[in-house]
Amino acid sequence: MDRLRIHGQQPLRGDVRASGAKNAALPEMAASLLSAQPLELDNVPQLMDVRTLGALLGGMGVSVARDGARVRLQADAVHDCVAPYERVKTMRASILVLGPLLARFGHARVSLPGGCAIGARPVDQHVKGLQLLGARVDIEHGDIVASVPDGRLRGARITTDMITVTGTENLMMAAALAYGETVLENAAQEPEVADLAALLNKMGARIDGAGSSRIRIEGVAELGGAAHRVVPDRIEAGTFLCAALATRGDVVVRDCVPRHLDALLDKLRDAGAEVDCGDDWVRVRADALPGGRPRAVSVRTGEYPGFATDMQAQFMAVDCVAQGAATLTETIFENRFMHVQELVRLGANITIEGNTCVVQGVERLSGATVMATDLRASAGLVIAGLAAEGTTVIERIYHLDRGYEAIEHKLGALGARIERLRA
Ligand code: EPZ
């Protein structure tokens, strides 16, 4: 298994480009199942998860052709509405094929995604919503076995028990081809949901309200093809901005959407960074911090537009080297502190109290060997390693490769001393 070796304390300086958002590209690739016409996606990040979903769709009979950041998909010869366990267990987002398969083909067998490092992550709300749309859903031998007895899904008013991002996306895609109107109350407002809706409308869907907590979908009989550019990855962008602050550098992230980062940018300013924004770029300057270190800032994660749970580990790494103490409260997942023990190995002073961590900033971290446990925990360890004195080796970085495109090259271009050690 590959590892990353980082020689810390190099301030990051320069420009870096954000890639397309993994969490938009995945549902948008799944949306190809809704039409027999070709779907052309651009700005698709080159990630393990994108390759995994491409292979899953290919196994169903979808043609998937990749040319750099462009992916062309066409579901005009689907022969298999099955997402097997071997595929789903490597990527939970495979659940996103369920809604489209049911809506277009009227049946699907999708393995129940197991839990993952950060939590149980059930999909009961996906199932509840599809049943309200008229699907019959049984769980058989670990698979979700779904069908549409009436031949076509029928619109419904759906209020999920909690806000769910992929739940909202699955139900929005299913409703796009249902008979009649569907209203999703309590919908997720993440930019990736709005970007998916923009693609679906280009395909001929009739969706409004995406990006708000109430989405209305007027079903149509058929959807066509479309061309779409995937929205920039706000989490990747935020990761680089946190790295700039933790290393007291000066970084511009280009090709991003600053307004998608509002909650994070407020916290970076509170920590003492100088933050400037343009139409499609954000600059964080932290090379003249009072006292030479960030101020400790507390964070409570929440659904968008709140502070993203996917940025919690990265911001914790900043608090680890800040002046003062801060709390980080995780409200979305029940076990998203797997990075804490690894940060402690680097000399951080962190205690866990239920769903809250108390971080007492230290003068400096010291490099060590640490282990990645999940995608965003890995990103937090990279930031801590970049700030630490000496050498940090991060093991099991396949977690990182799931969500960050060529991260060692992007960070290296900013002056980091970082290299991938091939297994
Ligand atoms: C999406 O996961 C993202 N993944 C996650 O990003 C992100 O952390 C998460 O949203 C929250 O923002 C993709 O978009 C592919 P949820 P998702 O359904 O949709 C509970 C990353 O790092 N829940 O919004 O799976 C659930 O357990 C990944 O890129 C149910 O109980 O998250 C959680 O506590 C990690 N039943 C909460 O809701 C359900 O049916 C929010 O989960 C659905 C969810």
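Our subject is the structure listed above.
The structure contained in this document is the topic of the report that follows.

Conventions and cut-offs
Counting of residues starts from 1 at the beginning of each chain's written sequence and follows it residue by residue. Only residues with pLDDT of 70 or above have their local features reported here, since the model is predicted, and side-chain atom pairs are shown and tallied only from 80 upward, although totals for entire chains, interfaces and linings are computed over all residues. Side-chain metrics in this entry use all non-hydrogen atoms of the structure; hydrogen atoms and water are not considered. Any residue with a heavy atom positioned within 4 Å of a molecule or strand is treated as near that molecule or strand. Here a polar contact means two N or O atoms within 3.5 Å. Within protein one must be a hydrogen donor candidate and the other an acceptor candidate, and residues neighboring in sequence count only if both atoms are side-chain atoms. Each accessible area is a Shrake-Rupley estimate made with a 1.4 Å probe; only the visible protein chains count as cover when residues are assessed. Numbering of helices and strands starts at the N terminus; helices are DSSP runs of H or I of at least 4 residues and strands are runs of E of at least 2. Amino acids are sorted into nonpolar (Ala, Val, Leu, Ile, Met, Phe, Trp, Tyr, Cys and Pro), charged (Asp, Glu, Lys and Arg) and polar (every other residue, Gly among them). Any two strands with at least two DSSP-identified bridges between them are counted as paired. Any Phe, Tyr or Trp ring, taking Trp's six-membered ring, that has another such ring centre within 6.5 Å forms a pair; planes under 30 degrees apart are called stacked, those over 60 apart edge-to-face, and the others tilted. When a residue's accessible area, from a 1.4 Å probe over protein chains only, is under 20% of the maximum for its type it is buried; when over 50% it is exposed; and in between it is partly exposed. For helices, the fitted axis covers only the stretch in contact; all axes are lines through C-alpha atoms, and the angles between them, taken along N-to-C directions, range from 0 to 180 degrees. Any two residues whose heavy atoms approach within 4.5 Å at even a single point are treated as in contact.

### Side note on the site of the ligand
Thinking step 1. In the vicinity of the ligand lie 21 residues, with Gln125, Thr164, Thr166, Asp310 and Ile332 positioned nearest.
Thinking step 2. Pro122 has a polar backbone atom sitting 3.3 Å from a nitrogen atom of the ligand.
Thinking step 3. The separation between an oxygen atom of the ligand and a polar side-chain atom of Arg336 is 3.4 Å.
Thinking step 4. When the free accessible area of the ligand is taken as 830 Å², the share hidden by the protein chains comes to 87%.
Thinking step 5. Those elements that place two or more of their residues in the shell around the ligand are helix 1 (22-30), helix 5 (124-132), helix 6 (165-176) and helix 12 (375-387).
Thinking step 6. When the residues that make up the shell around the ligand are grouped by side-chain class, the tally is 9 nonpolar, 6 polar and 6 charged.

### Some words on the pairing of strand 4 (residues 63-67)
Thinking step 1. Two strands pair when backbone bridges link them, and strand 4 and strand 5 (residues 70-74) are joined in this way by 5 bridges, in the antiparallel orientation. By the bridge assignment for strand 5, Val64 is matched with Leu73.
Thinking step 2. Remark: 2 residues form the turn of the hairpin made by strand 4 and strand 5, two consecutive strands paired antiparallel; Gly68 in that turn has positive phi of roughly 65°.

### Focus on the packing of aromatic side chains
Thinking step 1. In this structure the tally under the stated criterion is 1 aromatic pair.
Thinking step 2. Ring centres 5.7 Å apart and planes at 80° place the aromatic pair Phe307 and Phe315 in the edge-to-face group. Each member of the pair, Phe307 as well as Phe315, carries the same accessibility label: buried.

### Some points on the sheet that holds strand 4
Thinking step 1. Ordered in space as 4-5-3-14, the 4 strands form an open sheet in which the pairing is mixed. Among the strands making up the open sheet, the edge pair consists of strand 4 and strand 14 (226-229). Strand-to-strand, the axes of this sheet are offset by a mean angle of 15°, without reference to chain direction.
Thinking step 2. Bridge analysis of strand 3 (residues 39-42) against strand 14 gives 4 bridges, and the strand direction is parallel. Its bridge partner lying in strand 14, Leu39 is registered against Ala226.
Thinking step 3. Relative to strand 14, helix 7 (residues 191-202) is tilted by about 160°, and along the sheet it contacts strand 3 and strand 14.

### Quick notes on helix 11 (residues 338-345)
Thinking step 1. Along helix 11, the residues classified as buried are His339, Val340, Glu342 and Leu343.
Thinking step 2. Looking at the buried residues of helix 11, the elements they touch are helix 10 (312-320), strand 20 (349-353), strand 21 (356-360), strand 22 (369-371) and helix 12.
Thinking step 3. Just downstream of helix 11 lies Gly347, where phi reads positive at about 100°.

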